[in-house]
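Chain residues, written in single-letter form:
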Amino acid sequence: MKVLVLNSGSSSVKFQFYDTSLEAIKGGSEKQLAKGIVEKIGEKTSIRKIECNGKPPYKKEDPIADHTQAIRTIIDMLSDSEYGIIKDKTEIDAVGHRVVHGGETFTHSCLIDEKVYDKIKECIPLAPLHNPHNIKGYEISRDLLGKTPHVAVFDTAFHQTMAPSAFIYALPYDYYEKKRIRRYGFHGTSHRFVARRVGRLFNLAKDAFNVITAHLGNGASIAAVAKGKVVDTSMGFTPLEGLVMGTRCGDIDPAILMYLQENDGVNVAGLNKVLNKQSGLIGISGISNDMRELEKAAAENNARAKLAIDIFCYRIRKYIGAYAVAMGGVDFIVFTAGIGENSHIIRGEASKGLEAIGAKVDEAKNKSLNGKEGVFSTEDSKVKLCVIPTNEEILIAHDTVEAVSGLL
Ligand code: AMP
């Protein structure tokens, strides 16, 4: 079955195209046929890129007015006789859509029908910056592809197993019941992918181990997954809570917001900008939100770059300790995403002190693992420290095949 995976954002649509089936999923033999992006949609020079299996990559810069034209462009690129991979759009058997917010309604991925479509729309107020673009991606591809089935895969769904003690904030209870304010958690597809991969790598049933998954990219979150179910996760009502991120602050005392409003006259838009865009690594360092640049500056003894790295890693360690206890013990700690997969420096720093919970780093193994899957704890470490490259798109393709086959 050929599955198109679409990640439709505000100014870009990313895509991957897979040849997969239920048997291929079991055996891990699915094939990525193509990947690409249409970005800077609506700007003077938009960019379209595609790379198909065995063909030279293609890139063009010209205006692409809107998402409709962007998705049409993706289908045209996939069908191009020179650099494409299919004859025409009838070869697309199903489409999997990344949808950021599924609220409390969606605990699993599901086929999109009229009812599901309406329920996804009801989640717009919870993710006003993301869900409308995800929905747009669905509407346009549905109109372009006729009877092809579509599946929604939610960033929040994996976290829906949390208990009320983990997801309810200590606010008036009405805020949860009437305003839907609670911890939802995000990056769920990535946490699910790496947790599942641990089971496959170590030949364990998913209910046979506890794992802490640290998704450390420009956005960062951490999850405690006990016996296949999320017990807690660091992102909350929005992706702002939890770990220090590239430009987001993560956990802070909420009274700081009142203080800034009262004393500095900062309004809601201003607070939003500070907390989401000007904080985190860039805010502390004043240099960059890019960890590579901070590591370079720290190596040159830049004090604020060092501080940003220290705070970033300290917060991760603190969460790992808390989650190990929340789960009553941990067997694996996994690092993933841009920083987690590629930076032995951050993995090493974030793992300092974890001997207290039985995790011992083998520094040589840690250094050898950048960009690669593997274990970097010592032979006698009770808890295994791992690097597992994430692959949210392949999980979206898997869910799509399973949903289309009537299995979900
Ligand atoms: P992501 O959001 O998953 O694409 O991750 C982006 C983050 O990964 C950025 O902060 C990058 O600086 C960081 N990153 C990528 N490669 C490396 C590397 N080799 N060393 C340190 N950080 C890296």
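It should be noted that the structure appears before, not after, this text.
Computed from a predicted model, the values in this text were never measured in an experiment.

Engineer: What's the story with helix H3 (residues 114-122) in this structure? I'm lost.
Structural biologist: Residues that lie three or four places apart on an α-helix share one face, since the helix turns once every 3.6 residues. Every buried residue of H3 is listed here: Val116, Tyr117 and Ile120. For H3, the buried positions fall inside an angular range of 100 degrees around the axis, keeping them on one side. Exposed positions of H3 whose direction lies more than 90 degrees from the buried face are Glu114 and Lys115. Two or three places before Lys115, at the opening of H3, Asp113 has a side-chain oxygen 3.2 Å from that residue's backbone nitrogen.

Engineer: What's the story with the sheet that holds strand E13 (residues 374-375) in this structure? I'm lost.
Structural biologist: Hydrogen bonds along the backbone pair up the strands of a sheet, which may run parallel or antiparallel. Here 6 strands make up an open sheet; going across it, the order is E11-E10-E9-E12-E14-E13 and the pairing mixed. Whereas interior strands pair on both sides, the edge strands pair on one side only; in this sheet they are strand E11 (229-233) and E13. Inspection of the sheet shows strand E9 (residues 210-216) paired to strand E10 (residues 220-226) by 7 bridges, in the antiparallel sense. Paired with Ile212 across the two strands is Ala224, which belongs to E10. Seen against the sheet, helix H7 (residues 188-201) touches E9, E10 and strand E12 (332-336) and runs at an angle of roughly 135 degrees to E9. Sheet strands touched by helix H12 (residues 303-326): E9, E10, E11 and E12. Its angle to E10, the strand with the most contacts, is close to 15 degrees.

Engineer: Hey, could you run me through the packing of aromatic side chains in this one?
Structural biologist: Aromatic ring pairs are defined here through the distance separating the ring centres and the angle between the ring planes. Inspection of every chain in the model, using the stated rule, returns 10 aromatic pairs. Each ring, one from Tyr173 and one from Tyr176, has its centre 5.7 Å from the other, and the planes form 70 degrees; the classification is edge-to-face. With a gap of 3 residues between them, Tyr173 and Tyr176 both fall in helix H6 (residues 173-179), about one helical turn apart. For Tyr176, a relative accessible area of 18% corresponds to the buried category. Taken together, the ring pairs in this structure connect Phe167, Tyr173 and Tyr176 into an aromatic cluster. The ring of Tyr117 carries the charged tip of Arg142 above its face, separated from the ring centre by 5.5 Å. Note that Lys179 overlies the ring of Tyr175, its terminal NZ or CZ placed 5.3 Å from the centroid.

Engineer: For this particular structure, what's the right way to read the nonpolar core?
Structural biologist: Among soluble globular proteins, nonpolar side chains are generally buried collectively. Within the largest apolar cluster, 43 residues are counted, with the highest numbers of intra-cluster contacts made by Ile212, Leu216, Ile222, Phe312 and Ile333. If you list the elements that add at least two residues to this core, you get E9, E10, helix H11 (291-299), H12, E12, helix H14 (344-350) and strand E14 (384-387). For this core, the leading source of residues is H12, giving 10 residues. Aside from chain neighbours lying at most four places away, what touches Ile222 is His191, Ile212, Thr213, Ala214, Asp232, Thr233, Ser234, Leu243, Ile316, Tyr319, Ile320 and Tyr323.

Engineer: How do you make sense of the sheet that holds strand E4 (residues 46-52) when you look at a structure like this?
Structural biologist: The 8 strands are arranged E5-E4-E3-E2-E1-E6-E8-E7 in an open sheet whose pairing can be described as mixed. On the outer flanks of this sheet lie strand E5 (58-62) and strand E7 (110-111), each paired with one strand and no other. Each of strand E1 (2-8), strand E2 (13-19), strand E3 (31-39), E4 and E5 touches helix H2 (residues 67-78); the most contacted strand, E2, lies at about 30 degrees to it. Helix H4 (residues 131-145) contacts E1, strand E6 (94-99) and strand E8 (150-154) of the sheet and is inclined by roughly 170 degrees relative to E6.

Engineer: Can you help me understand the site of the ligand in this one?
Structural biologist: Taken together, Gly217, Asn218, Asn289, Asp290, Met291, Arg292, Glu295, Ala337, Gly338, Ile339, Asn342 and Ser343 form the complete shell of residues around the ligand. For the ligand, an oxygen atom lies 3.5 Å from a polar atom in the backbone of Arg292. Between the ligand and the protein, one listed contact pairs an oxygen atom with a backbone N or O atom of Gly338 at 2.9 Å. Notes on the ligand: free accessible area 500 Å², of which the protein chains cover 70%. Among the secondary structure elements, those contributing two or more residues to the shell around the ligand are H11 and helix H13 (337-342). Per element, the largest residue contribution to the shell around the ligand is 4 residues, and it comes from H13.

Criteria and thresholds
Residues numbered from 1 in each chain as written. Predicted model: local features only at pLDDT ≥ 70, side-chain atom pairs only at ≥ 80, totals over all residues. Heavy atoms only, no water. Buried < 20%, exposed > 50% of the residue type's maximum accessible area, 1.4 Å probe, protein only. Helix = DSSP H or I, 4+ residues; strand = E, 2+ residues; numbered from the N terminus. Arc of directions from axis to C-beta. Polar contact = N/O pair within 3.5 Å; in protein donor to acceptor, adjacent residues only side chain to side chain. Pairing = 2+ DSSP bridges. Contact = heavy atoms within 4.5 Å. Axes fitted to C-alpha atoms, helices over the stretch in contact; angles between N-to-C directions. Phe/Tyr/Trp six-rings, centres within 6.5 Å; stacked < 30°, edge-to-face > 60°. Lys NZ or Arg CZ within 6 Å of the ring centre and 35° of its normal. Core = buried A, V, L, I, M, F, W, Y, C linked by side-chain atoms within 4.5 Å. Near = heavy atom within 4 Å. Areas by Shrake-Rupley, 256 points an atom, 1.4 Å probe, with all protein chains shown as cover.

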